Each structure stands twice: as C-alpha cells, then as structure tokens.
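Residues per chain are reported as follows:
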Amino acid sequence: MERKQRSCLWDNIKFILILLMVLGHFADLYTEKPFTTESTQTIYFIIYGFHMPAFIFINGLFAKNTIRQRKWHKLFDYFVLYVAVKAVWMISSRINGGGRNFWLPDGGGIAWYALALGAFVLITMLLQHCSPVYVLCFSIVVGCLSGYHSADGDILALNRILAFYPFFYLGYLCDPEKIRLLLSGWKAKVIAAAIAAVYLVYCITNIEEIYWLRPLLTGRNSYDLLEFYPEWGGIFRLIHYIVIGVLLCALIALVPNRRCIITKWGERATNVYVLHYLVIQSFQDSWGGAEFITAHCPEHPELVLIPVSIAVTIFFSLGFWERPMKALLHPKWDQAQEVRRQSH
C-alpha cells in the first residue's frame, strides 16, 4: 500500500511538471518579438524558475537501483531517448519548413534533457563511493561557476549538465518516503501554499524588474548574457538554487498523495516529452496558431495556449501511445510482452 501511495504522489507531480513543460514551450514562442507579451513572459519565468530542476530531482530519487547496481545498459536507454527526441525535433522542423539538421553533439532544443539524464546517471555511478557531502557541495560550486565561460552551452548540453546536476544528486541521496512524510502534514501544506502564493504574486507584479534574469533559468547560458551584474552570476545561481529547493518542497507538499485522473497520465510523461514538440511547431507554423492568436487575443495568448497545452499533454498521455512508445524506446519490450502472455 505504501508503494502505491508513493507512486501516486510522484506520478501526480510528474503530470503537473510535464504540463508546465508543454505550456512553457508554448509560452516561449511568445516571449520574443514580434509576439512578445508581458503575460507570456510571466508564465515562462514562473515555470522555468523551477520545473526542470524539479523533474531532475525526481529522476534522481528513482535512479538509485540503476546507480547502485551499476546497470550500465540503462545508459543506452537514455541515448536511445536522446536520439528519438532529436529525430522528432528534426522531423517537426522539416515538416514545418525549417532546416534543422540531425547533429548528435548538438544538445540544444528539448533533447538535452535525455542526454543530461544519461550523464547524471553515469557521473553518479562513478562517484557513488565518494563522500555525499563533498560531492554535493562540489557539484554546487561547479554549477555556480559553470556560467562564467562563454563556450557554446549546447555542445553535449554541458552547461545544463553542470548547472542541474546538484538536483539529481540531491534526489539520489533522498528517500522518497521520508520526504513524503515530512511534507504531508497540514502545517507543511499551509506554509507551502503561502510560499507558492508569494512566488506567483512576486513574479506577476515584478516581471519587468526580474525578467533580465531569464538567461539564468535554463542553465545553458553564459552569465555574459545577463543584462546587469554578469560578474555576480555565480551568486545569482546559488540564490536560484535555494529558491528552487524551497519551491520544490512546496510543490511536493501541495500535490495530493492519492490516485486520481492524472496519476496514470503522470506515468506516461516520457510520451509527452518525446512527442509534444510536433504539435507545438505545427500549431505555430502550419496550423495558423500564430495568426489566430494575433487576430483574436494578441495581448493575452495564454487564453489559447493554456487550454491547448492541457489538451496536448492529455492527448499524449493516453494509453494508446504506450505500445508504440515502448517499442520505439525499448525495442525488446514487445518481445518481453509476448513472452509474458505465453507464460500465462
């Protein structure tokens, strides 16, 4: 029963985070000219302020067996996922008139996440016998220093790997059940609700003053891109780490720990990750989404983007995607299923 409860909590969180990821990618299209709006910049800032580190933390929570048992073959699974996402990204670009090339070392776009997960697992395998305190502190220092070089941050997603590794390692060190129990009380939920409210209100009311920090949020950029005080980029990142940690605790406390309609969808978050950009780029470039928004709600694109994001996330979370996605990402899955059916 406890396993089921833990699964429900984390699957519910994964669905919320994957929905925010889709909405963040849609909103990103409307944060630059000629489509810039303050509302989409606010949505982007709120989401990117914490959602990817939260996802990475959860991956660290449930990578313990892979790392401790040194399941090296799992690294191949991450590579397959990386290639699959890059292929979808390229196909989407070509369908919609772009010219994106399939170059494996390029860790840009959404494929970086799969590459980074593989790197996180490999690094933690190699460091698992080192002192956890030293590894965590050293990774934080490296993450804060990583933005000071101006090399291309998309090559092998190196900048993001360095910037976000502390969250994966922290997840690896933590016990999911202890975290659930610690943040399940009503006091924790009240504090979490207050934290969430303060974060939302502050971002909404001060977006013009804080949006210059955008280059800090993705982990890929050099501090040189900060409009103000780039020399203090490492300190800003350290503060951002603390903010992310607080928001992550608030998220865990607020998400219900029971089976509901989004629980099963959360189990299929990978499907959404791999496929959602096909719809995003087609919506914007081929289906007239940009023209529709410009004509009907140019000041508030979120009136369209939010319901479309929900629909896209739910659609790719449905069960009929399970078999083709498993066959794509785990080629031996169909064979294993057949063996299981014959054994019964």
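Rules and cut-offs
Residues numbered from 1 in each chain as written. Predicted model: local features only at pLDDT ≥ 70, side-chain atom pairs only at ≥ 80, totals over all residues. Heavy atoms only, no water. Helix = DSSP H or I, 4+ residues; strand = E, 2+ residues; numbered from the N terminus. Buried < 20%, exposed > 50% of the residue type's maximum accessible area, 1.4 Å probe, protein only. Contact = heavy atoms within 4.5 Å. Arc of directions from axis to C-beta. Phe/Tyr/Trp six-rings, centres within 6.5 Å; stacked < 30°, edge-to-face > 60°. Lys NZ or Arg CZ within 6 Å of the ring centre and 35° of its normal. Core = buried A, V, L, I, M, F, W, Y, C linked by side-chain atoms within 4.5 Å. Disulfide = S-S within 2.5 Å. Axes fitted to C-alpha atoms, helices over the stretch in contact; angles between N-to-C directions. Left-handed = near helix turned anticlockwise from the far one by under 90°. Salt bridge = Lys/Arg side-chain N within 4 Å of Asp/Glu carboxyl O. pLDDT = per-residue confidence, 0-100.

Engineer: So what about the overall build of the chain? Which residues, and what values?
Structural biologist: Along the backbone of the chain there are 19 helices and zero strands. Expressed as lengths along the three principal axes of its C-alpha atoms, the size of the chain is roughly 60 × 45 × 45 Å. Expressed as a percentage of its 344 residues, the buried residues of the chain come to 49%. For the chain, the share of sequence-separated contacts (at least 6 apart) that also reach a separation of at least 24 residues comes to 79%.

Engineer: Give a detailed account of helix H16 (residues 289-296), specifying residues and quantitative values.
Structural biologist: Along H16, the residues that are buried comprise Gly289, Ala290 and Ile293. Each buried residue of H16 lies within a common arc of 100 degrees when the element is viewed along its axis, so the set occupies one face. Pointing more than 90 degrees away from the buried face of H16 are the exposed residues Glu291, Ala295 and His296. Against the buried residues of H16 lie helix H15 (269-285) and helix H17 (302-316).

Engineer: So what about the packing of aromatic side chains? Which residues, and what values?
Structural biologist: Enumeration according to the criterion identifies 20 aromatic pairs in this entry. Geometrically, the ring pair formed by Trp212 and Phe228 is edge-to-face, given 5.3 Å between the ring centres and 85 degrees between the ring planes. Here Trp212, found in the loop between helix H11 (207-210) and helix H12 (214-217), pairs with Phe228, found in the loop between H12 and helix H13 (233-254); they are 16 residues apart in sequence, far enough to count as distant. Given a relative accessible area of 39%, Phe228 falls into the partly exposed group. One aromatic cluster in this structure is built from Phe55, Trp112, Tyr113, Phe164 and Tyr273. When the ring centre of Tyr44 is taken as reference, the NZ or CZ atom of Arg214 above it lies at 4.0 Å.

Engineer: Describe in detail the side chain of Asp11, supporting the description with residues and values.
Structural biologist: Within the fold, Asp11 resides in helix H1 (residues 2-28). Looking at Asp11, the relative accessible area reads 7%, which means it is buried. Residue contacts for Asp11: discarding those within four places in its chain leaves Ile262, Thr263, Gly266 and Glu267.

Engineer: Give me the nonpolar core: which residues, what numbers.
Structural biologist: Counting residues in hydrophobic clusters, the biggest one holds 104 residues, and the most contacted among them are Ile13, Leu17, Phe120, Ile252, Tyr273 and Val274. With 12 residues, the top contributor of residues to this core is H1. Residues in contact with Val274, not counting those within four places in the same chain, are Leu81, Val85, Val88, Met325 and Leu329.

Engineer: Describe in detail the state of the cysteines, supporting the description with residues and values.
Structural biologist: By definition, a disulfide links the sulfur atoms of two cysteine residues through a covalent bond. Applying the stated criterion to the full structure yields zero disulfides. In this model Cys174 remains outside any disulfide bridge; the closest cysteine sulfur is found in Cys249, 8.8 Å from its own.

Engineer: Account for the packing of helix H2 (residues 38-48) against helix H10 (residues 186-205), naming residues and giving values.
Structural biologist: One way to put it is that H2 packs onto H10 with a least axis distance of 9 Å and a crossing angle of 145 degrees. The chirality of how H2 crosses H10 is right-handed. Together, Thr42, Phe45 and Ile46 of H2 and Tyr199, Leu200, Cys203 and Ile204 of H10 make up the contact between the two elements.

Engineer: An account of the pattern of salt bridges is needed here, citing residue identities and associated values.
Structural biologist: A full pass over the atoms with the stated rule returns five salt bridges. Close ionic contact of Asp11 with Lys14 constitutes a salt bridge, the shortest N to O distance being 3.5 Å. With a gap of three residues between them, Asp11 and Lys14 both fall in helix H1, about one helical turn apart. According to the relative accessible area criterion, Lys14 is partly exposed, its value standing at 23%. The residue Arg214 makes a salt bridge to Asp28 at a minimum N-O spacing of 2.7 Å. On the criterion of sequence distance, the pair formed by Arg214 in helix H12 and Asp28 in helix H1 is long-range, its members being 186 residues apart. If you follow the salt bridges from partner to partner, you end up with Asp28, Glu32 and Arg214 in one network.

Engineer: Tell me what's going on with the side chain of Thr313, and back it up with residues and numbers.
Structural biologist: Relative to the elements of secondary structure, Thr313 occurs in helix H17. Discounting residues that sit within four places of it in the chain, Thr313 has contacts with Phe15, Ile18, Leu19, Val22 and Val272.

Engineer: Any chance you could break down unusual backbone geometry for me, citing the residues and the numbers?
Structural biologist: The backbone of Arg70 shows a phi angle near 50 degrees, a positive value even though the residue is not glycine. Structurally, Arg70 is set in the loop between helix H4 (64-68) and helix H5 (73-95).

Engineer: I'd like to hear about the confidence of the model for the chain, residue by residue, with values.
Structural biologist: With 90% of its residues at a pLDDT of 70 or more, the chain has an overall mean of 87. Counting contacts from residues 1-6, a segment whose pLDDT is below 50, to residues more than four positions away or on other chains yields nine contacts. Considering only residues more than four positions removed or in separate chains, one finds that residues 333-344, a stretch of pLDDT under 50, has six contacts.

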